[in-house]
Amino acid sequence: MASVRPSRRTKEVAMETMSQVTSSLRRKNNSGDDEDMEPSSEISRHEEDSDFEEPVQMPAPSKPPKKRAAKKDDVTQLTVKKSRKTPVEKAGTSRGGKQASTVGTAAGTGSAEDDGSLFEAVKSGKTALQTLVDDWVDEYKQDRDSALLELIQFFVHCSGCRGRVTKQIYETMEHSEIIRKMTEEFDEENADYPLITPGPLWKKFRSNFCDFVMVLVTQCQYSIIYDQYMMDNLISLLTVLTDSQVRAFRHTSTLASMKLMTALVNVALNLSVNFDNTQRQYDAERQKTKNKQASDRLELLMNKRQELEENQEEIRNMLIYIFKGVFVHRYRDILADIRAICMQEIGLWMKKYPNMFLDDSYLKYVGWTLYDKQGSVRLDCLKCLCSLFDDEGSAQKMELFTSRFKDRIVEMTLDKEYDVAVQAVKLVCLILKYNENILKDKDCENVYELVYSSHRAVAQAAGEFLNQKLFDKKDEAAKSVKTKKGKKRSDNTPLIRDLVQFFIESELHEHGAYLVDSLWDINQMMKDWECMTDLLIEEPGRDEDAFDDRQEESLIELMVCCIKQAATGESPVGRGSSNRRPSIKENRQIQEDKVKLTEHFIVILPELLNKYNADAEKVTTLLQIPLYFDLEIYTTSRLEKHLQLLLTLLLNIVSKHTEPELLENCSKCFEVLCDEENSMANKASTGRQKLIDDLTKQLNDAYKDYFQEEEQPDRNEAFAMLAALKRIYAFYCCHDLSKWKLQETLFKIVKQGSTVPHIPWEIVCAAVEGANASILWDLKKLDQPIPPEPELNALKKYLDEFMADLNNLLLHENDKVNESAYMTICDLLIVFSKYMTTSQPAMQVLVIEPEVSLVRKLTDFLSSKVFVEDVDTDEADENIKIEELHTRRNLLASFAKLVVYNVIHIKNAVIMFMNYMKFYNDYGDIIKNTMSKAREINKILTAKSLTEALARSFAEMKVGNRIDRNSDRFNSLKELGRRFSLSFGLDNLKNRDAVAQIHKEGIHFSLQSVDNTALSNLAFLEILCEFTGKLMKQDKKTVVDYLDRHVHKGLISQNEDYQSLLTYRNSLIQGDIDQTSVASSRMTGRPRGTRAKRRPIETSVTAAAPASASTTVNETTDSTWLKSVATPGPGHPQMQSTAIKAKKRRTDDEPVSEAGSDADFQEQPSWMNQQSTGGVQTPQEPNFSRINTTEVQTPQEPNFSRINTTEGPNVSRIVEESSMEESEMAIDEFDSPSTDSAPPPPPPQPPREPAKSRLDPNAFDEEEEEQGPAISQSSDNDSDLPAAFS
């Protein structure tokens, strides 16, 4: 401590002066914005805000006060400073004795001058921070000006600035001017700075940087920080830096300021401890008698107490100044990292120094930031609050804050960021711990529902809350509860009862596994098997209520979910990671749990099955338990009698019930018990043999009774027949029943079902499923290198007969029979497709080639059964609607698999593509995936199918060969085309062939005439505009020429839909400038599905392609159809469907036309006509890579380098006549060819070769009907055209 200190009154005056100067300086505006700067966000001044009012928007401070060397007579300094030598009186040197130069180098560049700097030392981390700080303190004691200058340079370098603050700069400039000068030294090419630069070196630097600030204050806490020089200048500098518009300065200085404040909080805590000790010693000394009192000691203690009080006051002033000067403005900074730093540090201040910071005037900033748009900032706020609520003393002081922001905290449990939601649930748990009454029932219910969340961390946090709220209360009365027989109940009995009740009230009975997983690691009651089974088996005692049927069913479901979780360790679907493997410890725990549950349920399960054998739902659930047994315990524990009892009960259950799910679970139980790896498999196989014999006899007897008698079968016989078929099919799913020779009977029932009308549909469907299973088992037996030929022929015979019967059943009068036959046909077509011969050529005899008539039946079935709109009726049950939708999705998926596995031609998927938008909500995902997979098989054929889907939809909406282009259906069709276009992605080169094929097919369809009198499909070209943006630029000219060559002038001039043709042609010419979709409402500025008013076409506007000064488009050879119908120029309403960007107007100094320009090209026949007529020999195409489209020029080949040419004078005239001068541009965007030598002057101009498209024009007249398994690949030889056009 210094020997001379200012009086307390002087300090008060100084602080008052500081406030005035601060207010004055903050009203000044910074100037000199740079490119690298960005504005800080608006902030709120908290001085006049009430504790929990919303912050008032205020501009960021422009000039915080700068602490400089104090003059002796300067009374306007921020604080009173002690006399010292002026900077002129001392020669300041940097670390290492080297004088700082005026022009600095980049920090961290490794220059010799920077090797000994603080920045390099902190960055490298080779020197202990304590040593660095001690050296700096020693230097400060010798020459505080140079030491402070070195510290300032350290913060500048840590911000990534390459500038250097010299002694001259520091003495002659204010802090804001210094920072402005340093801003000019930033590297504009690199936006990174040390705090955000990736890599382990810079990660370590950030940690060292924070530690350096903390150690610096710690080492200076006894003297230097009170000298009113170092801290004043340092705080002033950092305050100015935090106001900088440069992100690097603002981020670095904010971190330093917050860490500085944290270090000062630690100093304040030490001062508080020392003051309390001194006060206690002083009081003890005064309590002594006067004879024993030491006057000198009393005076010493009094002086020390006064000194500590002054130090506390000074530290408190520093904290307030930094908080108001930095935190209040930066906690709402535009950069999320800065806001996060503020929240992290204020949490530490509140926890360490609650006497000052744990107050509503500070807590409100945390509460306001709970609404931050960045998840990381919200997370830091919640962590800050969790640390406070975790302490009982702090939690009791936050009642007002909790009542104000409780709703927001509960709302954050549903945050879209899972980490934030987890932390919010944890905070709610802490709030509940200290104040149960503050959370209402509605608040708790919002958290309860999260136990069913698909995110496991959120669900477990909610499970912790549920456990704390409902299950963490000890009930002493429950310990004395006994059953009717006198058996003592488990301590978990009331908890299990509450769990069952909660599960029932949640009304999510199909998601018990999610509730179990949420509580699995939290409460041990989930593994209390004895408690659960006692509640089901034992009769209740006097003070207990018996479980009703619903409670028993819920308890059984939860118990089975617990068994599965214990035996497998697997989380429910969507909760766990598929790639995560359990650790050795987890596997050991799983095995122990599996053994315990097996030992318990081997004995108890027969009792449970015997009690509930008449209840199908309960038995169905209980039959899942044996699937998780450790079956070896039957032998090792000598429990074979329980196995025999279980088998007997299974036989009894199968004979009593016919529910499909129950029979399926029985079949799975026998499959597990009869596994040959188990030692008791022989006993289980004997029971299964007896069961199948009984089922076979039942089926044969029922068949004879139902079909062999002349009388009409009654209901009992039909029930017996159906029950036998269900049981046979259930066991056919898991067991091979071939040796029982059931195929003949099943196939006879199927054949009877296709011919005899009175057979119930349930019997027919069950027979179809059983026959299908028998065929698949026969096929499995043939899975050998050389399958026996007799068995192949027998299976072929059964298969042919079965397919014929299924074809007939597709026409059955019952929908359920149709659906069953349809699904079975699709499955068999995939199983017996041509791909089965890949590994076994001998299987060729079994391959089923789908006939055209069969495929037509399948597509008709989709049209009539799947793509039908639901009739909305209030009476229909919502569950029934969901079940019907699920059935239709399965039907569509079965057909989609035929396309995806290339079993049927891609063109058969047209019916799916047509309904993509109409049924998007129901089947959109299935159709989209089918489209993607079909494109992987063959892009060209998929493109043809998409075009055909659009064409069919277009034809269906025509009324008398006319189309209403303003109708909603037409706009929906345009939207369908837009979706198809978007499905091609952004790589136009990869989809080049497919997109060109769409244009070719679309043009053919659009120009079809009716008796050569009218074009009824011309409006289809407007839909085709959606695919223009997917054409490559060099291909658009080819498509335009092809369009011009196929257009009939007479038909076009009389057609009212000619506007669609103009729109399409303009999109080809100008679409390469802006590929905005025609259907997009953003392009025209009007809602999708509406049309703007049309204005009459101005006939003075010429054609789209520019020509020379004496030649117009109307004189071209290939565009003679435009003589009577002109293409509108830019700015006209007819161009609304094609986006146009402004292009620079040609000046009079520019040449009118150059060699090889578009104007010269317009006087020639099109390349297509040259190719098709044979009058001009097709020149060799240039050799350029398909991926890299850089053209290679040779003397004999055209020059492809000039894409955009100078517009002709006619274009200028057109633009000048346009009413929209801001959208001036050249109409034509053709590829302009050029050669190495200039052509002879016109008029006798030789034929010139235009810029070539890599698409072969002649290929537009060719058709590809063969479907290939793969897409054509890029070729080094440029003459290899895309597959669709070669």
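If you're wondering where the values come from, they're calculated on a predicted model, not measured in any experiment.

Asker: Would you mind showing me how to read the pattern of salt bridges here?
Answerer: Any two side chains of opposite charge can pair, given that their charged atoms come close. Applying the stated criterion to the full structure yields 39 salt bridges. Here the salt bridges do not stand alone but share partners, grouping Asp243, Arg250, Arg330 and Asp333 into one network.

Asker: How should the environment of serine 207 be read in this particular structure?
Answerer: Here serine 207 shows up in helix α7 (residues 200–219). Along the sequence, serine 207 and leucine 195 sit 12 residues apart, while their C-alpha atoms lie 9.6 Å from each other.

Asker: What am I meant to see in the packing of helix α39 (residues 939–956) against helix α40 (residues 968–982) here?
Answerer: Helix-helix packing is characterised by the crossing angle of the two axes and by the distance between the axes. Here α39 crosses α40 at 175°, and the two axes come no closer than 10 Å. Between α39 and α40, the interaxial angle falls into the category roughly antiparallel. Note on element contacts: α40 touches α39 through Arg969, Phe970, Leu973, Leu976, Gly977 and Phe980, opposite Leu946, Ala949, Leu950, Ser953, Phe954 and Glu956. Of the residues contributing to the contact of α39 with α40, the split by class is eight nonpolar, two polar and two charged.

Asker: Whenever I open this one, helix α19 (residues 456–471) confuses me. Can you help?
Answerer: Helical geometry: 3.6 residues make up each α-helical turn, so side chains three or four residues apart lie on a common side. Listed as buried for α19 are Val458, Ala459, Ala461, Ala462, Gly463, Phe465, Leu466, Asn467, Lys469 and Phe471. Close packing links the buried residues of α19 with α17 (418–434), α18 (441–448), α20 (493–506) and α21 (512–519).

Asker: For this particular structure, what's the right way to read the packing of helix α31 (residues 743–755) against helix α32 (residues 761–781)?
Answerer: For the pair α31 and α32, the least separation of the axes is 9 Å and the interaxial angle reads 140°. Taken together, α31 and α32 sit at an angle that is classed as oblique. Where α31 crosses over α32, the handedness of that crossing is left-handed. Every residue of α32 that contacts α31 at Gln743, Leu746, Phe747, Ile749, Val750 and Gly753 is listed here: Ile763, Val764, Ala767, Val768, Gly770, Ala771, Ser774, Ile775 and Asp778.

Asker: Whenever I open this one, the confidence of the model for the protein confuses me. Can you help?
Answerer: Caution applies to low-pLDDT regions: their predicted coordinates should not be interpreted in detail. A residue-level look at the protein finds 72% of positions with pLDDT of 70 or above and a mean pLDDT of 77. Considering only residues more than four positions removed or in separate chains, one finds that residues 1–114, a stretch of pLDDT under 50, has 253 contacts. Segment residues 1071–1286 is flagged for pLDDT under 50; beyond a separation of four residues in sequence, or across chains, it makes 417 contacts in the model.

Asker: So what exactly am I meant to see when it comes to the packing of aromatic side chains here?
Answerer: To describe a pair of aromatic rings, you give the distance between the ring centres and the angle between the ring planes. Evaluated as defined, the whole model comprises 40 aromatic pairs. Ring centres of tyrosine 822 and phenylalanine 861 lie 4.3 Å apart, and the angle between their planes is 20°; on these two criteria the pair is classed as stacked. One end of the pair, tyrosine 822, is in helix α34 (residues 815–831); the other, phenylalanine 861, is in helix α35 (residues 852–866), and 39 residues separate them in sequence. The exposure class assigned to tyrosine 822 is buried, which follows from its relative accessible area of 0%. With a relative accessible area of 5%, phenylalanine 861 lands in the buried category. Grouping aromatic residues by their ring pairs yields a cluster made of Phe323, Phe327, Tyr331, Trp349, Tyr353, Phe357, Tyr362, Tyr365 and Trp368.

Asker: Sorry if this is basic, but what is going on with helix α4 (residues 144–158) here?
Answerer: For α4, which comprises 15 residues, the first-to-last C-alpha distance of 21 Å matches the rise-based estimate of 21 Å (1.5 Å per residue) to within 8%. Most of α4 is tucked away, with 15 of its 15 residues classed as buried. Its side-chain oxygen placed 3.3 Å from the backbone nitrogen of aspartate 145, aspartate 143 serves as the N-cap of α4. Following α4 by one or two positions, glycine 160 adopts a phi angle in the positive range, close to 85°.

Asker: Looking at this structure, I do not really get a negative patch on the surface. What am I missing?
Answerer: On the surface, Glu671, Asp675, Glu676 and Glu677 cluster together into a negatively charged patch. Residue class for aspartate 675 comes out partly exposed when judged on its relative accessible area of 35%.

Asker: Is there a simple way to explain unusual backbone geometry in this structure?
Answerer: Glycine aside, residues mostly have negative phi, and peptide bonds are mostly found in the trans state. Its identity is not glycine, yet arginine 638 carries a phi of approximately 55°, on the positive side. Mapped onto the fold, arginine 638 is located in the loop between α26 (633–636) and α27 (640–656). A positive phi is found at asparagine 902, a non-glycine position, where the angle reads about 60°. The class of asparagine 902 is buried, set by a relative accessible area of 13%.

Here is what the cut-offs are and how they apply
Residues numbered from 1 in each chain as written. Predicted model: local features only at pLDDT ≥ 70, side-chain atom pairs only at ≥ 80, totals over all residues. Heavy atoms only, no water. Salt bridge = Lys/Arg side-chain N within 4 Å of Asp/Glu carboxyl O. Helix = DSSP H or I, 4+ residues; strand = E, 2+ residues; numbered from the N terminus. Axes fitted to C-alpha atoms, helices over the stretch in contact; angles between N-to-C directions. Parallel < 35°, antiparallel > 145°, perpendicular 65-115°, else oblique. Contact = heavy atoms within 4.5 Å. Nonpolar A, V, L, I, M, F, W, Y, C, P; charged D, E, K, R; others polar. Buried < 20%, exposed > 50% of the residue type's maximum accessible area, 1.4 Å probe, protein only. Left-handed = near helix turned anticlockwise from the far one by under 90°. pLDDT = per-residue confidence, 0-100. Phe/Tyr/Trp six-rings, centres within 6.5 Å; stacked < 30°, edge-to-face > 60°. Expected span 1.5 Å × (residues − 1). Polar contact = N/O pair within 3.5 Å; in protein donor to acceptor, adjacent residues only side chain to side chain. Patch = residues over 30% accessible without salt bridge, like charges linked within 9 Å, V, L, I, M, F, W, Y side chains within 5 Å. Areas by Shrake-Rupley, 256 points an atom, 1.4 Å probe, with all protein chains shown as cover. Lys, Arg positive; Asp, Glu negative; His and termini not counted. Charge placed at Lys NZ, Arg CZ, Asp CG, Glu CD.

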